[in-house]
Amino acid sequence: FSIPRAATIPADGKPHKVTVAILPLTSTLSCTVIPALRATAFLRAKAKNSTEFPLLSGPAQVFLDNNFVATSNIKTCNIGEELDVFLGQDPTVVVDFKPPQTHTSESGLLKKTKIREVVHHTVFKNTKGIPVSIACFDQLPLADDSQVKIKLIEPDPANVSNSETAAAAAEGAP
C-alpha cells in the first residue's frame, strides 16, 4: 500500500496504526430482527467494494453522514465484491414482540384430530422518517412424531424466504 502522507512510526517494538485510506462506500441499509431471541432491530449495511483497495478483515470504524455510528468487524472483501456488515442496535426501529397465543380445538367422532394453533404477533414501529426494510426471522417447530403435521398459515408460505433457521420475512415502513 502506498500511504498518501508521511508517517513516523517509533521503533519501540509495540504495534502502531497508520491510516492507509478513508474509503467512502455507498451502502444499502436494512434491519434484521429475530424477535424470539431479542426484541431488537439490528442495523445491517450492504455495500459493493468499488474502491481500488481490497478491504482486509479486522475492526472498522463506520460513519454515516460524517457521524461516527459504530465500530464493527469486517471480513476480507476484494475489489468488486459485496460487503455485508452488522452495525449494532438500531433504536429508531422499535420491536414489540407479544407472547405467543395458543388455541386448541378437536374434531372428528371416530378419529380424533387435535389442532393446536400458535399465533406469534410482532409489531414494528419505524421512527426514522424514511422507509426501512426489515427482515424478521423466526423458526417453525419440528415434529418428532410423523403423524404430527406443522403448517405455516400466515404469512402466505409463497411469500416466505426459507433457510435452515429463517421462516418469515416482513417489510416495514413509517
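So, here's what we can say about the structure. The residue numbers shown here count from 1 along each chain, following its written sequence. The predicted nature of this model means local features are confined to residues of pLDDT at least 70 and side-chain atom pairs, given and counted, to a pLDDT of 80 or more, with totals for whole chains, interfaces and linings taken over all residues. Remark: hydrogens and water are excluded; side-chain values derive from all non-hydrogen atoms of the structure.

Quick notes on the nonpolar core
- Core analysis: the largest hydrophobic core is formed by 18 residues, its most contacted members being Cys-31, Ala-41, Ile-74, Leu-83, Leu-87, Val-93 and Ile-134.
- Of all elements in the fold, only β1 (27-34), β2 (38-48), β3 (58-64), β4 (67-74), β5 (82-89) and β6 (93-97) reach the threshold of two or more residues within this core.
- Sequence-distant contacts of Leu-87, defined by excluding residues within four places in its chain, comprise Leu-29, Leu-43, Ala-45, Val-62, Ala-70 and Ser-72. Buried Ala, Val, Leu, Ile, Met, Phe, Trp, Tyr and Cys residues form a nonpolar core when they are joined through side-chain atoms within 4.5 Å. The rule is simple: take the accessible area with a 1.4 Å probe, protein chains only, and divide by the maximum for that residue type; under 20% is buried, over 50% is exposed, in between is partly exposed. Strands are runs of DSSP state E lasting at least two residues, helices are runs of H or I lasting at least four, and both sets are numbered from the N terminus onward. It only takes one pair of heavy atoms within 4.5 Å for two residues to be counted as in contact.

What to know about a nonpolar patch on the surface
- Residues enter a patch when their relative accessible area is above 30% and they make no salt bridge; the linking distance is 9 Å between like charges and 5 Å between nonpolar side chains (Val, Leu, Ile, Met, Phe, Trp, Tyr). In these tables, accessible area is a Shrake-Rupley quantity obtained with a 1.4 Å probe, and a residue counts as shielded only by the protein chains included in the view. For salt bridges, the criterion is a side-chain nitrogen of Lys or Arg within 4 Å of an Asp or Glu carboxyl oxygen. Residues Leu-29, Leu-64 and Val-69 make up a contiguous nonpolar surface patch of about 220 Å² in total accessible area.
- Tracing the chain through its elements places Leu-64 in strand β3.

Section: the pattern of salt bridges
- Under the defined criterion, the tally for this structure stands at three salt bridges.
- Note that Arg-44 is salt-bridged to Asp-84, the shortest N-O span being 2.5 Å. You can see Arg-44 sitting in strand β2 and its partner Asp-84 sitting in strand β5, a full 40 residues away along the chain.
- Take Asp-84: its relative accessible area is 37%, and that puts it in the partly exposed class.
- Across the pair Lys-98 and Asp-96 runs a salt bridge whose closest N-O atoms are separated by 2.8 Å.

Some points on the side chain of Ser-30
- Examined against the element boundaries, Ser-30 turns out to sit in strand β1.
- What Ser-30 contacts, discounting residues up to four positions off in sequence, is Phe-42, Leu-43, Arg-44 and Ser-133.

Regarding the side chain of Arg-44
- A 3.5 Å cut-off defines polar contacts: any pair of N or O atoms within that distance qualifies, except that in protein one atom must be a possible hydrogen donor and the other a possible acceptor, and neighbouring residues in sequence count only when both atoms are side-chain atoms. At 2.5 Å, the side chain of Arg-44 forms a polar contact with the side chain of Asp-84.
- When residues no more than four places from it in sequence are discounted, the contact partners of Arg-44 are Thr-28, Leu-29, Ser-30, Thr-32, Asp-84, Val-85 and Phe-86.

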